[in-house]
Amino acid sequence: MTLAPAIEVHDLVVGYDALNAVRGVSFTLPRGGRMGLVGESGSGKSMTALALMGLSPTGWHAAGQVLHDGVDLITETDTSFSKRRGRTISMVFQDPMSSLNPVRRVGDQIADVIHRHSKVSRREAMKQALDLMVQMNMPRPEQLARSYPHQISGGQKQRIMIAMALACYPQLIIADEPTTALDVTVQKQVLRLLNAAARDRNTALLMITHDLPVIAAMCDTVAVMYAGRIVEHGPVQEVFRSPRHHYTRGLLDSQPTMDNIALDGSSRLGSIPGMVPPLHNLPTGCAFHPRCAAASEKCRAEMPELGANGAACWHPVKEKAE
Amino acid sequence: MSAIATNKPAKSRRRPRWLSNTALLLGIVISVAFLAIALLSAFYLPHNPNVPRIPDRLLPAGSPGYVLGTDVLGRDILSQLMVGARTSLLVGAGGALISLIIGTVAGLSAAAFGRIADETISRGADILLSIPGIVTALVLAATIGSGALTTVLALSAFFTPSFTRVIRSAAMSVLQEDFITAARLYGRPTWFILLRHILPNVAGVIIVQFTLFFAAGILTEAGLSYLGVGVTRPSISWGMMLNEAQQQVGISSPLAMWPGLAIVTVVLGLNLLGDGLRDVLDPRLSRRGA
Amino acid sequence: MTLSTRDPILAMQGVTQSYGLQRTSLFAPPSSFKVLDSIDFDVCAGEAVGLVGESGAGKTTLTRILIGMERPQQGRLIFEGNDVWSATPAERERFRRSVQMVLQNPRSSLDPRMRIGTALLEPMRSLRIEGDHIKRLHEVLEQVGLDKSALERFPHEFSGGQLQRIAIARALMPNPRVLVADEPVSALDVSIQAQVLNLLRDLVRDLNLGLVFIAHDLSVVAYTTSRVSVIAAGRIVEVGQPVELFTRPTAAATRNLVDAVLTVEAGLEGKAL
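What you are looking at is a predicted structure, and each value in this text was computed from that prediction instead of being measured. (Residues numbered from 1 in each chain as written. Chains lettered and ligands numbered in written order. Predicted model: local features only at pLDDT ≥ 70, side-chain atom pairs only at ≥ 80, totals over all residues.)

1. Here's the deal with the overall build of chain B
How we decide: Secondary structure elements are defined from DSSP: runs of H or I of at least 4 residues count as helices, runs of E of at least 2 residues count as strands, and each element is numbered from the N terminus. Neighbour counting defines burial: a residue surrounded by 20 or more other C-beta atoms within 10 Å of its own C-beta is buried, one with 12 or fewer is exposed, and intermediate counts give partly exposed, using backbone-placed C-beta atoms. Working definition of a contact: two residues with C-beta atoms, positioned from the backbone, lying within 7 Å.
Each helix and strand in chain B was counted, giving 9 helices and 0 strands. The N-to-C order of helical and strand elements in chain B reads α-α-α-α-α-α-α-α-α. Expressed as a percentage of its 290 residues, the buried residues of chain B come to 42%. If you take every contact in chain B between residues at least 6 apart in sequence, the share linking residues at least 24 apart comes to 70%.

Rendered as structure tokens:
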């Protein structure tokens, strides 16, 4: 018997009043799979993550189907959802500074998660917490466990957050920009750690970020979001090597790489003109058409669905002739 | 989009937006009505609220000529309430206004003029806050006599430190913003930055605090007058009416109800107004594109 | 090296800055901490130079000294050949007009209660610059690629990328010779970053501006500038052309920064982590 996927999302809609930030998102993440959700601010990627965790902000509604661990999370009650968070599904947030309780020792905070979700004694929970900190490559874990959040660095805090997320061997970790707030030289270490820890536990990983290189490094598949919809979805190798959607192409072209660093200043980064449209004023048809060079009358009139090539585009980018 | 039809109830601890707007609306209605009645009392009263008419004593509400009835000396309740509204308005708004002016100046100075100014003002505020307001009021009443002016002074002494703190912290957070750095880079002096950049950005906080302190002032004034250290006749205050009415509880209970109801309604209205304004004026809560 | 022939507009020479630390014990002498240690740094007209380093390396202090917000304890800040801190008032005035700054977070760098037009005129008014301000406004808006209708609007009506253009426009208003940009794209979306980086490069070329570009991300700095200084623990540990730094980093701090750069290509080849 094959295991059910870690999460299966069907036609997720998340919105506020009549405005929808997420407009029908569907994807499946198998057990132990790694998927990246890329998008710019306002693309709906963070709202998707929050909705999956049942943490939509006040006044927001979520509809559709989110199957996980045999239940539909959309209809899950608050109480049973809070028993689930940290146990079968957990999240690593962007800002480790504000995600830890400032007046509780970090070791205790990890132990709290273990104690709450598994029937072990406090002493045993603390022991497991220390084990986790060792696995997170944290030096002198006993001493560190007794520290308060303000006494440790941002990178260490994010490791604590990851340890807490992993504590109960969840099926799925959602990581929302886990390294954006960290110093550049620490980012890679934290990613490496998250990568290894998730692999060891066969935990599925949903990486939410605007950073394409992070996705390329960590994920097997990628979904590119624009204006609340997935506009391209497929294996990372295919999508990033030969993107079919013009938006994905544009994002890739605007990455500074070695090729762009020309001393004479002759090469230029490709950039996407215009800006992400506001929710209350979305363009008709394909939401990307005002910024797209290939846009036609059809793009203005009809919204494309994800096709067999993995892109929601009427005029997909031609495959690279190689 | 049929998906929206299957809305699940919002998982919310805060009020939905429409309710907060209704609350604001209610606050505005109550506050405006209160202001109108207080102003009207200066030009028109059904009866002289201080002249006793023994034959008409303790009439129930709805009696001919006396909409809300009369008290133990036959004085018209409605007229007393109207004059009481004026007292509440003057004392509450007066106390809030004085503390607003001093508190804003002190708070902005503490935030912007360096550590010595900050320490002096903040510690001064701490000391004032450590003295119970009721003691201040009693001391003032004992030295300069009780009355509306004393109450206003007591209220200002009581509210100014809190106001200072609120404005200081609001100004501090604006001072962190990069546009302040930018203004400094262009060589703008501190007073200019205070007036041009910080004041407009904390104006919302000032307005909200004003309405909340206004309400607290009315409540405190009622308390002081009830204790007999506030307003005395011929002025009339709701607190004083409560004091007089409590002697009649059992004989004519509604007497205590009317001023109590007035206090509760107005304080509630002002608080709703303040909360509503906070939501409306806070730019972080205002609606953006995404 | 061509260093000797260059004639920098703005330069720091041997700047050392230290801050006193809190006494750890009553009897210990108060210790101090060197934030900057004999820094030499300069920029010429029409040249874009980069400054990279981790947070805490001293970038912020260096920037503050460079724009004249902080006086160096040792060493000199030279503008057009004169020491800024011992210059005549007229020379200082010229320095203040000629060295302008673009801050990191465009949302925070514009007063939310001030119309864009007023905000753009702020530097002209406070620096008491004469001339046709309205004409200048229109010129600058065109340089950064914004429409005149922006002037009447408030900051919250714009996206992050547009606001950064506005912030750049404000810095350009006094017709500066040097633009100091502190992490100007780190708060922006990827597709917008490229727009702003390209704009900065065009301005350097078209206006013969000196650009000082401060960032933590080596790849972004490398794209925008032609000479990069790496700062670590208050010292400039390496200076070179971006390609050299990328391919042959010598200092440990540079190697760390190069190693930290993630690229899509490396990720796809499975060599990123």
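2. Quick word on the packing of helix H7 (residues 190-227) of chain B against helix H8 (residues 238-246) of chain B
Residue and element names in this part refer to chain B. Basically, it comes down to this: Helix axes are fitted to C-alpha atoms over the stretch in contact, other axes to C-alpha atoms as well, and angles between N-to-C directions run from 0 to 180 degrees. Each angle is binned into one of four classes, with values under 35 degrees roughly parallel, values over 145 roughly antiparallel, values of 65 to 115 roughly perpendicular, and all other values oblique. Note on convention: the crossing is left-handed when the near helix lies turned anticlockwise from the far helix by less than a right angle, right-handed when the turn is clockwise. Polarity classes work like this: nonpolar for Ala, Val, Leu, Ile, Met, Phe, Trp, Tyr, Cys and Pro, charged for Asp, Glu, Lys and Arg, and polar for all others, with Gly in that last group.
Two elements in contact, H7 and H8, have axes whose closest approach is 7 Å; the angle formed by their N-to-C orientations is 40°. What the angle tells us is that H7 and H8 run oblique. When the axes of H7 and H8 are compared, the crossing they make is right-handed. Where H7 abuts H8, its residues Glu221, Ala222, Gly223, Leu224, Ser225 and Tyr226 lie against Trp238, Gly239, Met240, Leu242 and Asn243. Classifying every residue of the contact of H7 with H8 gives 6 nonpolar, 4 polar and 1 charged.

3. Quick word on the pairing of strand E2 (residues 19-29) of chain A
Taken residue by residue, a regular strand's side chains alternate between the two faces of the sheet. Residue and element names in this part refer to chain A. As a reminder of what qualifies: When DSSP finds two or more bridges between a pair of strands, those strands are recorded as paired.
Two elements, strand E1 (residues 7-16) and E2, share 8 bridges in a ladder whose sense is antiparallel. Residue Gly15 lies in a different strand from E2, and its bridge partner there is Asn20. Between the end of E1 and the start of E2, which pair antiparallel, lie 2 residues, with Asp17 showing a positive phi angle near 50°.

4. Comments concerning helix H7 (residues 154-166) of chain A
Residue and element names in this part refer to chain A. The line we're drawing: The span you would expect from a helix comes to 1.5 Å times its residue count less one.
Taking 1.5 Å per residue, 13 residues should reach 18 Å; H7 reaches 18 Å between its end C-alpha atoms and fits that length. In terms of residue burial, H7 counts as a mostly covered element, since 11 of its 13 residues are buried. Those residues of H7 not exposed but buried are Gln156, Lys157, Gln158, Arg159, Ile160, Met161, Ile162, Ala163, Met164, Ala165 and Leu166.

5. Some thoughts on helix H4 (residues 106-117) of chain A
Residue and element names in this part refer to chain A. Taking 1.5 Å per residue, 12 residues should reach 16 Å; H4 reaches 18 Å between its end C-alpha atoms and fits that length. Burial analysis of H4 places 9 of its 12 residues in the buried class, which makes it a mostly covered element. Those residues of H4 that fall on the buried side of the exposure criterion are Val106, Gly107, Gln109, Ile110, Ala111, Val113, Ile114, His115 and His117. Each element contacted by the buried residues of H4 is listed here: helix H5 (122-135), helix H6 (141-145) and H7.

6. Structural notes on the interface of chain C and chain A
Opposite the 36 residues of chain C that make contact, chain A presents 39 residues. If you list the elements that add at least two residues to the side of chain C that touches chain A, you get helix H5 (160-172), helix H6 (190-207), helix H7 (218-224), helix H8 (242-247), helix H9 (252-260) and helix H10 (264-268) of chain C. By residue number, the principal contributor to the side of chain C that touches chain A is H6(C), which donates 8 residues. Per-class residue counts for the side of chain C that touches chain A are 16 nonpolar, 15 polar and 5 charged.

7. What to know about the UniProt feature "transmembrane region" (unreviewed entry) in chain B
Residues and elements named next belong to chain B. How we decide: UniProt positions are given in the numbering used here, feature names are shortened, and annotations may be inferred rather than shown by experiment.
This chain's UniProt record puts "transmembrane region" (unreviewed entry) on residues 21-45, 89-113, 134-160, 198-219 and 255-274. With 92% helix and 0% strand, the stretch residues 21-45 has end C-alpha atoms that lie 34 Å from each other. With 96% helix and 0% strand, residues 89-113 has its two end C-alpha atoms placed 35 Å apart.

8. So, the sheet that holds strand E9 (residues 227-232) of chain C
Residues and elements named next belong to chain C. Sheet architecture is open: 6 strands sit in the order E6-E7-E8-E3-E9-E10, paired in mixed fashion. Of all the strands in the sheet, just strand E6 (99-102) and strand E10 (235-240) have a single pairing partner and so form its edges. Direction aside, the axes of adjacent strands within the sheet are offset by 20° on average. Across 4 bridges, E6 lies against strand E7 (residues 178-182) in parallel orientation. Its bridge partner lying in E7, Val102 is registered against Ala181. Packed on one face of the sheet, H5 meets E6 and E7 and runs near 170° to E6.

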